[in-house]
There are 4 protein chains.
Amino acid sequence: MTNKMWGGRFSTGPSEIMEEINASIDFDKRLYAQDIAASKAHCAMLAETGIIGAQDAKTLAQGLDVILTEIEGGTFTFSRALEDIHMNVEARLEELVGPVAGKLHTARSRNDQVATDFKLYVRDAIDALDEHLCALQQALAHKAEEHAATVMPGYTHLQSAQPITFGHHCLAYVEMFQRDRGRFADARTRLNESPLGAGALAGTSFPIDRKQTAKALGFDRPAANSLDAVSDRDFALETLAAASIAAIHLSRLAEEIVLWCSAEFGFVALGDGFTTGSSMMPQKRNPDAAELIRAKAGRILAALQGLLVVMKGLPLAYSKDMQEDKEATFGALDALALMISAMTGMIASAEINEKSMRKSAGAGHSTATDLADWLVQSAGLTFRDAHHVTGRIVAAADEANLPLWRMPLETLQSLEKRITADVFDVLSVAKSVKSRTSLGGTAPKNVRKNARSWIKRLERDSRSG
Amino acid sequence: MTNKMWGGRFSTGPSEIMEEINASIDFDKRLYAQDIAASKAHCAMLAETGIIGAQDAKTLAQGLDVILTEIEGGTFTFSRALEDIHMNVEARLEELVGPVAGKLHTARSRNDQVATDFKLYVRDAIDALDEHLCALQQALAHKAEEHAATVMPGYTHLQSAQPITFGHHCLAYVEMFQRDRGRFADARTRLNESPLGAGALAGTSFPIDRKQTAKALGFDRPAANSLDAVSDRDFALETLAAASIAAIHLSRLAEEIVLWCSAEFGFVALGDGFTTGSSMMPQKRNPDAAELIRAKAGRILAALQGLLVVMKGLPLAYSKDMQEDKEATFGALDALALMISAMTGMIASAEINEKSMRKSAGAGHSTATDLADWLVQSAGLTFRDAHHVTGRIVAAADEANLPLWRMPLETLQSLEKRITADVFDVLSVAKSVKSRTSLGGTAPKNVRKNARSWIKRLERDSRSG
Amino acid sequence: MTNKMWGGRFSTGPSEIMEEINASIDFDKRLYAQDIAASKAHCAMLAETGIIGAQDAKTLAQGLDVILTEIEGGTFTFSRALEDIHMNVEARLEELVGPVAGKLHTARSRNDQVATDFKLYVRDAIDALDEHLCALQQALAHKAEEHAATVMPGYTHLQSAQPITFGHHCLAYVEMFQRDRGRFADARTRLNESPLGAGALAGTSFPIDRKQTAKALGFDRPAANSLDAVSDRDFALETLAAASIAAIHLSRLAEEIVLWCSAEFGFVALGDGFTTGSSMMPQKRNPDAAELIRAKAGRILAALQGLLVVMKGLPLAYSKDMQEDKEATFGALDALALMISAMTGMIASAEINEKSMRKSAGAGHSTATDLADWLVQSAGLTFRDAHHVTGRIVAAADEANLPLWRMPLETLQSLEKRITADVFDVLSVAKSVKSRTSLGGTAPKNVRKNARSWIKRLERDSRSG
Amino acid sequence: MTNKMWGGRFSTGPSEIMEEINASIDFDKRLYAQDIAASKAHCAMLAETGIIGAQDAKTLAQGLDVILTEIEGGTFTFSRALEDIHMNVEARLEELVGPVAGKLHTARSRNDQVATDFKLYVRDAIDALDEHLCALQQALAHKAEEHAATVMPGYTHLQSAQPITFGHHCLAYVEMFQRDRGRFADARTRLNESPLGAGALAGTSFPIDRKQTAKALGFDRPAANSLDAVSDRDFALETLAAASIAAIHLSRLAEEIVLWCSAEFGFVALGDGFTTGSSMMPQKRNPDAAELIRAKAGRILAALQGLLVVMKGLPLAYSKDMQEDKEATFGALDALALMISAMTGMIASAEINEKSMRKSAGAGHSTATDLADWLVQSAGLTFRDAHHVTGRIVAAADEANLPLWRMPLETLQSLEKRITADVFDVLSVAKSVKSRTSLGGTAPKNVRKNARSWIKRLERDSRSG
């Protein structure tokens, strides 16, 4: 059978393998709602500008509504022979309303149509992701408030470096996810130009009104160059880039959760709802969700890289290569939404083992920096000298197998005679975190204030979202 | 509901989001045949070694055969609550044969089970890809024989450099795909060690016989280290790397087909079966299949990159991250098979426009090198001097707007007095290609001989495949 | 020798291999200007807040100025044993000003220091890239104005689809590069928060004023969370993502230039300054710069992917892994600047072969869409019917080996009786492009107006830049 | 100045930006030894076949030897204006031996020349990597023998799953690196076909002997197709793919070392030679080398991805894009060699804290599988029933806060009446690992035997290497 829509001059139909490689309906049917919305906007404009009659436009719009209902009701039959969502909809429209269906595609091409549909889809996905991210930030901000004074080790090189609070750690992620939201918002602003009316690539001689369709579909304006409008996939690339960076953030937190759930760290216990067992080792409580979040970053990075590869070196305007834009984008944005939701659930349900955190926070001479700072502030050493003295004291403590705060004063003084008993005031973990009151520092009062500020701000965001 | 298989100690079931992120049955059901084959081999070995009774083994094997029939007949109901293919099969087995089903998993873990299944799957995919590649090579070798003397431009920088034959060009790809087959074959050899019997990670205290199961499943030997056996995904990475390089080759040929199909080149016309039309521009005959092959390279590169990202920095032995190994691998290997098949169809059906090729082959002073070589061989210049003289002659020809073979002898002699009328013998395209008789050169007799040699060799391969 | 700066407690020095893998001075010396500027800002703040004395601050600042002069004058000796730019500068400072140098690092860590330096560097690079992109847009906009009415084929699938103008094509790229500038500008805004004062990760107990140093270094504000401030490399990732998309745009234009320079297309001749020859084929004029631009996209994509891989799954706060952020970023941003400059030169110097373009623009029944549109607008067919009729007419024209505008009227009427002689008005290339007056369409008057508007706007940008 | 080598027909020289983007001498000078070796082989063949005279050949060879000495002695002046290593060498040759230098490039092109040089370089790099990997395996195998009975936790999901031995863990990596060596060896075999004599792309009319040059350079045979020979970069891609997988293995071990060095795990202490300190926190001993190894995987993955992107969609034969093949390959192979060496040093110098390992190995009911297996083997339960019973026992142990081996017999019997006191024989960590005697299992006697076998085998390899 020759293809219904473009087969006019073909003597034989595409081979089976061609249909398999060529058809996109298996994945682009996801665009049905956007496709129908765009067709309705186009149809209304065609009538408004007199390109088609008002009655025809009404018939077409009603037919499109029926199709929407059919698809959402699960009664629509998609056909691979009709290649894609656009042709599936149009063919069904012809069944429903007869030959007038042939007017819908006036002054339009699949090139501007698919660019419009896909942009609308990505825009919707961005809006959903923003809500998901906001919910995750809320979970983190609440944990931060709750644990504003819960001490834990601050690590560099996974070595305990200085004590921090768990709340401070949570707020670091709130900052990251806020930047992610900013990137998505910027991508959304930049994509919000309507390709509809660009035609195949050159524009059209029909007296269309692109501003009307742009407005009807919530775009800020029509895209300014028809060639660019149909050949541009920046919006997918930029969204995937934002998704990749967000995925990196999630992977970092996921890695930490996996570490924290280990018996060796023992900082966190996840609820049963976010833990699985083993078929062979009945005692296991595995942080599968965290591991999968960490791993799914690979999928999102791959989607970005894959689409960059597709677009590299592609001459203008439309090439069929660009059909490869959708599956990976759908998959990546789905995965990201799932990752954020799972992370939100994990964070909300996580039980913090304050005792383990506190114990680790004090290990490894984690207040050595406080000692060095004391030597500068109270004993008048330069920072570099203080640093060297502290190094010698730590070595002595290691040899004596004692924490810094248990070192005899005379031993300390033998290494640096200006040390007085006052030094012990700064060597405890609790004192250490309290002292970090610089802007952005880990002092509990900072953390509490910032957590509350975030909670309020996110509450506003989620109400307006 | 708590999970049937590992839920013994869980008080509440996994949340909905957890099920969504955790379940793999939607994609790993593809492994059903491998899973059942491996279970049957395991079961036979358990009986042989006396770990379970012979009657139990028979019951289990019969149950597994029923399940295979059910899945292949489309009557099997997969359940997401049962997570993966392994649990779906085992749960059904219990329905079919009762509590004895509980014996099947003796001395086995999902970790060695899934590694075994996935390896078997990749091995099967490699075998199929080898056949596909061989068929593509055959199509190319036949075209090469047919067009052993068909001249076309040989390009560097997409500038006509020296005339070659189309057959020579086809054989260049035969070489590339042969290396691809070599890479897949090497990957197959390297992967062919059985993980079965590695248990969760440590081996087992049951007196199993890993050599028996390895042999039954066509492996060369058992994997030597249980920890490595369950944590290794090299086989997927190496196969994806081989697939990526093959995809690059396909993308290069696809790019050339797109170029050759352009009106400007006009070298090739694809059959209707591998061409599509346009919804707006009825005259178009688009090389969609070539464009999609070119684009799908992006998907395969992405799959490789994605899995490398997943595996990076993963501690031993099994982490749930590794569940992300399958979807991308399945997708990439499917895509590659489709790309090869579509390319084979395109090559076989392509009509070569010899006239256009010949015309382009003679443009751009493509025999300038022949002139330079003549100056060395017949006029005794050093190559560098000959090169400079040729450069001046080409400039003169450009100015006179003449091809080299139409340049007046006196003009040539005014630039280099040692030139004689004999030079015109080497300036035609046909003479040029005929003269390239060095090993691997484009001379038609070379090409014909090599094409025939490949045809025989590939015929043997396809018979034994 | 034990390391001067942190070797206090080490009994043996790092091995040679360790020095080789660990030292970053070979590449991070690039940050010298930023490092010194940040140290001067830090030093001024330490004095302002009374943490160090005013005289000490003056001494330190003078020493830093000397070092800047030494480095820029090429008299500074970098030492690998001192690991990185920070330690090289500080060690030299001590040589210059004595033990007071040890006060500079008070209330600071290499972690916040390097984050500050690297952000300042990336910010500078973004500013330079914006200027480069603006210059490229100017070259394109001028070409667009000049060629507002120069017809060329508009391609889809590299098949001539509809005629467009070369100016329109140029403006499509102006749009793309404008989005690139927008992405860089957004990245710049988002990165512009100062890490300085975050300390190692927890903030500090010294009474520092982070707002002062932020302001002195041109940051909008201090980063709000000390942990995030030192562990964040989003700014590099986002900049590399913007660079990757820009590189894709450049690769597309580069691919087109390579095509256009081929003898088969013959649309463009590059000046000698952007062409190279061949060692063996003296007639070649190779578009090397275009090919290298196309290829260097690979390097930029790789840099993005590489840094994403580095950051994936990294626990907070600083890990040494993050030292791998710089080389690839430097390399990618250098490459992008070079690519843009080379492209600007090529565009500015390119000679357009209008005759070849016009000839190709009329080939392949490129006005078939105009015919279909005429059938809708003047003969009252639905678009789908018009499309089918056009398909049959194109097939007939192919068979008769005639362009559409040479087809006998009676033949046309035999295929669709409503066709009149008026149809020939829309079948010429010039008429076709003139008719595409829809917003963003290719009509010369649209293109001229848009080109002029861009020229003015870009002129303003470059003045203010 | 116009370019000396190919500037015959150019009226103006390349612009400065062109020189910057075009010149490769800054990085391809690395190929000097290979370039000179290949030129000498070519020269000898030209004389042998009578294409040039014997005396000329001798003069050329002597000149080339002088250049080699100059480059290795650091007295050679590289010039960017001469673009690349080939032209730098040839221009110097002309200075040294006069016009006869112009004969060297007879029957050769830069295309086959660079392919030959680069292949030789990659081949040398593979040989060096094989030696490095062998040394790393030796370090691991010796650790394995030493710690064949040292118990540690075997992890899945970073949860203690079953006890294993540290030796067993080391041998898992020996297996991985053996596969890496296999991949490199296969790549080496596949690349070992000589491009020399392929000319620019078409072969040559000179009566060259490609078998002679192939043999002289250690190739197995000449490449069979001249077009493929100059356009092929599979050898770099395949080597980078092998390098990527090796880098993944190294990153996994590096991640483990970072974990093991944490205070929370405390399994390993690295020597001072592989540890660094902190500028602010004097107590830190950071596993920088491990972190850098983990991170540098990103660089290698990026190099692979970048070159795949470069090659994607490139028409035959040579395009300038391919000049981008070298820098990333050099960088990646350098990085890998450094990573392996640093890892070897770390492994050799690592002190194992057996006490910490043993303590962790017994935590988390790690012998629960042994209990389940005992229930099958001694009490006759099916595995699934045994698994459920074990789950209940573990839950009871958790509630009682007791390890399994301290649970009162009557409690166990209340959960499964078939349990006897014999069960306590399998619940200790030492008993557990001893029982895993299946092929590849973790039993100390297995590990010791395998370690010794590897030590012998690797000793042989390193002697023959």
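## So, the overall build of chain A
Scanning chain A for helices and strands turns up 18 helices and six strands. Over its C-alpha atoms chain A spans a radius of gyration of 30 Å, topping by over 25% the 23 Å that the globule rule assigns to 465 residues. Dimensions of chain A, computed from C-alpha atoms along their principal axes, come out at roughly 100 × 50 × 40 Å. In chain A, buried positions account for 68% of the 465 residues. In chain A, 75% of the contacts between residues at least 6 apart in sequence involve partners at least 24 apart. Total accessible area on chain A is roughly 14300 Å²; 49% of this is exposed by carbon and sulfur atoms. Side-chain charges in chain A split into 52 positive and 58 negative, and the spacing between the mean points of these groups amounts to 6 Å.

## Notes on the packing of aromatic side chains
Evaluated as defined, the whole model comprises 34 aromatic pairs over all chains. Look at phenylalanine 265 of chain A and phenylalanine 267 of chain A: their rings are 5.5 Å apart centre to centre, the planes differ by 80 degrees, and that puts the pair in the edge-to-face class. A residue is classified by how much of its surface remains accessible, and phenylalanine 265 of chain A, at 4% relative accessible area, is buried. An aromatic cluster of three or more residues is present, and its members are Tyr155, Phe265 and Phe267 of chain A together with Tyr155, Phe265 and Phe267 of chain D. Sitting over the ring of phenylalanine 219 of chain C, arginine 123 of chain C keeps its end group 5.2 Å from the ring centre. Stacked on the ring of phenylalanine 118 of chain D, the Lys or Arg lysine 326 of chain D has its end atom at 5.5 Å from the ring centre.

## Re the relation of the copies chain A and chain C
Between chain A and chain C, the superposition needs a rotation of 180 degrees and an axial shift of 0.0 Å, giving an RMSD of 0.1 Å. Put plainly, the chains are arranged around a two-fold axis. If distances are taken from each C-alpha of chain A to the rotation axis, the shortest is found for alanine 241 of chain A, at 3.0 Å. Comparing interface residues between copies, 100% of those in chain A also lie at the interface in chain C; the contact surface is shared.

## Quick notes on unusual backbone geometry
For the bond running from leucine 316 of chain A to alanine 317 of chain A, omega is -5 degrees, close enough to zero to count as cis. Along the chain, alanine 317 of chain A turns up in the loop between helix 11 (288–311) and helix 12 (326–349). We note that histidine 365 of chain D has phi near 50 degrees; this positive angle belongs to a residue other than glycine. Position of histidine 365 of chain D relative to the elements: it lies in the loop between helix 13 (354–362) and helix 14 (368–377). Classification of histidine 365 of chain D by relative accessible area gives buried; the value is 13%. In this structure, asparagine 401 of chain D takes a positive phi of about 55 degrees despite not being glycine. Looking at the secondary structure, you find asparagine 401 of chain D in the loop between helix 15 (383–400) and helix 16 (409–415).

## Things to note about a positive patch on the surface
Together, Lys355, Arg358 and Lys359 of chain A together with Lys355, Arg358 and Lys359 of chain D make up a positively charged patch on the protein surface. Every element with two or more residues in the positive patch is listed here: helix 13 (354–362) of chain A together with helix 13 of chain D. Among the secondary structure elements, arginine 358 of chain A is positioned in helix 13. Judged by relative accessible area, which is 48%, arginine 358 of chain A ranks as partly exposed.

## A word on helix 4 (residues 54–73) of chain D
Two residues of an α-helix separated by three or four positions point the same way, owing to the 3.6 residues in each turn. Residues and elements named next belong to chain D. Its 20 residues give helix 4 an end-to-end C-alpha distance of 28 Å, which sits within 8% of 28 Å, the value for a rise of 1.5 Å per residue. Of the residues making up helix 4, those classed as buried are Asp56, Ala57, Leu60, Gly63, Leu64, Ile67, Glu70 and Ile71. Each buried residue of helix 4 sits inside an arc of 145 degrees when the element is viewed along its axis, so together they form one side. The outward face of helix 4, more than 90 degrees from its buried face, is lined by the exposed residues Ala54, Gln55, Thr69, Glu72 and Gly73. Buried residues in helix 4 make contact with helix 3 (32–48) and helix 5 (85–97). Downstream of helix 4 by a residue or two, glycine 74 has a phi angle that is positive, lying close to 80 degrees.

## Focus: the pattern of salt bridges
Considering all chains together, one arrives at 132 salt bridges over all chains under this definition. Linking lysine 40 of chain B and aspartate 65 of chain B is a salt bridge whose minimum nitrogen-to-oxygen distance equals 2.7 Å. Of this pair, lysine 40 of chain B sits in helix 3 (residues 32–48) while aspartate 65 of chain B sits in helix 4 (residues 54–73); the two residues are 25 residues apart in sequence, bridging distant segments of the chain. By relative accessible area, lysine 40 of chain B is classed as partly exposed at 31%. Exposure remark for aspartate 65 of chain B: the relative accessible area of 33% places this residue in the partly exposed category. Taking the shortest distance from any N to any O, the salt bridge between lysine 296 of chain C and glutamate 324 of chain D comes out at 2.6 Å. Placement of lysine 296 of chain C in helix 11 (residues 288–311) and of glutamate 324 of chain D in the loop between helix 11 (288–311) and helix 12 (325–349) is noted, with the two residues assigned to different chains. In this structure, lysine 296 of chain C and glutamate 324 of chain D share a single accessibility class: buried. Shared partners join several salt bridges into a network, and the residues in it are Arg179, Asp180, Arg183 and Asp186 of chain A together with Arg190, Asp228, Asp232, Asp234 and Glu238 of chain C.

## Some thoughts on the packing of helix 4 of chain B against helix 5 (residues 85–97) of chain B
Residue and element names in this part refer to chain B. Relative orientation of the contacting elements helix 4 and helix 5 amounts to 115 degrees, with a least axis distance of 9 Å. The two elements helix 4 and helix 5 meet at a crossing, and its hand is right-handed. In contact with Thr59, Leu60, Gly63, Leu64, Val66, Ile67 and Glu70 of helix 4, helix 5 contributes Val89, Arg92, Leu93, Leu96 and Val97. Here the residues of the contact of helix 4 with helix 5 are counted per class, giving eight nonpolar, two polar and two charged.

## Focus on the interface of chain A and chain C
At the junction of the two partners, chain A supplies 107 residues and chain C supplies 107 residues. Summing both sides of the interface, chain A and chain C together bury roughly 8800 Å²; the carbon and sulfur share of this comes to 57%. Of all residues in chain A, Arg252, Leu316 and Arg384 of chain A bury the most surface against chain C, accounting for 8% of the area lost on that side. In this assembly, chain A and chain C are joined by 14 salt bridges. The salt bridge partner of glutamate 238 of chain A is arginine 183 of chain C, with a shortest N-O separation of 2.8 Å. On inspection of chain A and its partner chain C, the count reaches 46 residue pairs in polar contact (both at pLDDT 80 or more).

## A word on the packing of helix 7 (residues 166–191) of chain A against helix 7 (residues 166–191) of chain C
When two helices pack together, you describe them by how their axes are tilted relative to each other and by the distance separating the axes. Orientation of helix 7 of chain A relative to helix 7 of chain C, taken along the N-to-C sense of each, is 155 degrees, at an axis distance of 11 Å. Here helix 7 of chain C runs roughly antiparallel to helix 7 of chain A, going by the angle between their axes. For the element pair helix 7 of chain A and helix 7 of chain C, the recorded crossing hand is right-handed. Of the residues in helix 7 of chain C, those in contact with Arg179, Gly182, Arg183, Asp186 and Arg190 of chain A of helix 7 of chain A are Arg179, Gly182, Arg183, Asp186 and Arg190 of chain C. When its residues are assigned to classes, the contact of helix 7 of chain A with helix 7 of chain C shows no nonpolar, two polar and eight charged.

## A closer look at the confidence of the model for chain A
Residue and element names in this part refer to chain A. Predicted confidence across chain A gives a mean pLDDT of 93, with 95% of residues reaching 70 or more. Confidence drops under pLDDT 50 across residues 1–13; counting only partners more than four residues distant or on other chains, this segment forms 45 contacts. In the model output, the complex is listed with pTM 0.96 alongside ipTM 0.94.

## Structural notes on the state of the cysteines
As enumerated under the stated definition, the model contains zero disulfides over all chains in all. Lacking any disulfide linkage, cysteine 170 of chain C is separated from the closest cysteine sulfur, that of cysteine 261 of chain C, by 14 Å.

## So, the pairing of strand 2 (residues 159–165) of chain B
Residues and elements named next belong to chain B. Counting buried positions over the seven residues of strand 2 gives seven, a clear majority of the element. Direction of pairing for strand 1 (residues 151–156) relative to strand 2: antiparallel, over a ladder of six bridges. Directly across from methionine 152, in strand 2, lies its bridge partner isoleucine 164. Once strand 1 ends, the chain turns through two residues before running back antiparallel as strand 2, passing histidine 157 with a positive phi of about 60 degrees.

## Let's talk about the side chain of arginine 294 of chain D
Tracing the backbone through its elements, the reader meets arginine 294 of chain D in helix 11. In terms of polar contacts, arginine 294 of chain D uses its side chain to reach the side chain of aspartate 321 of chain C, at 2.8 Å. Discounting chain neighbours no more than four positions away, the residues touching arginine 294 of chain D are Lys312 of chain B, Leu314, Ser319 and Asp321 of chain C together with Ser251, Ala254, Glu255 and Val258 of chain D.

## Considerations on the environment of aspartate 209 of chain C
Residues and elements named next belong to chain C. Along the chain, aspartate 209 falls in the loop between strand 3 (193–194) and helix 8 (210–216). Classification of aspartate 209 by relative accessible area gives partly exposed; the value is 29%. When the C-alpha positions of aspartate 209 and asparagine 446 are compared, they lie 55 Å apart, and in sequence the two are 237 residues distant. In contact with aspartate 209, not counting residues within four places along its chain, are Met45 and Thr49. There is a polar contact of 3.1 Å between the side chain of aspartate 209 and the backbone nitrogen of lysine 211. Polar contacts involving the side chain of aspartate 209 include one to the main-chain amide nitrogen of glutamine 212, which spans 3.1 Å.

What counts, and at which threshold
Residues numbered from 1 in each chain as written. Chains lettered and ligands numbered in written order. Predicted model: local features only at pLDDT ≥ 70, side-chain atom pairs only at ≥ 80, totals over all residues. Heavy atoms only, no water. Helix = DSSP H or I, 4+ residues; strand = E, 2+ residues; numbered from the N terminus. Rg over C-alpha atoms; globule rule 2.2 N^0.38 Å. Buried < 20%, exposed > 50% of the residue type's maximum accessible area, 1.4 Å probe, protein only. Contact = heavy atoms within 4.5 Å. Areas by Shrake-Rupley, 256 points an atom, 1.4 Å probe, with all protein chains shown as cover. Lys, Arg positive; Asp, Glu negative; His and termini not counted. Charge placed at Lys NZ, Arg CZ, Asp CG, Glu CD. Phe/Tyr/Trp six-rings, centres within 6.5 Å; stacked < 30°, edge-to-face > 60°. Lys NZ or Arg CZ within 6 Å of the ring centre and 35° of its normal. Least-squares fit on C-alpha atoms with pLDDT ≥ 70 in both. Patch = residues over 30% accessible without salt bridge, like charges linked within 9 Å, V, L, I, M, F, W, Y side chains within 5 Å. Salt bridge = Lys/Arg side-chain N within 4 Å of Asp/Glu carboxyl O. Expected span 1.5 Å × (residues − 1). Arc of directions from axis to C-beta. Axes fitted to C-alpha atoms, helices over the stretch in contact; angles between N-to-C directions. Left-handed = near helix turned anticlockwise from the far one by under 90°. Nonpolar A, V, L, I, M, F, W, Y, C, P; charged D, E, K, R; others polar. Buried area = accessible area lost by both parts, 1.4 Å probe. Polar contact = N/O pair within 3.5 Å; in protein donor to acceptor, adjacent residues only side chain to side chain. Parallel < 35°, antiparallel > 145°, perpendicular 65-115°, else oblique. pLDDT = per-residue confidence, 0-100. Disulfide = S-S within 2.5 Å. Pairing = 2+ DSSP bridges.

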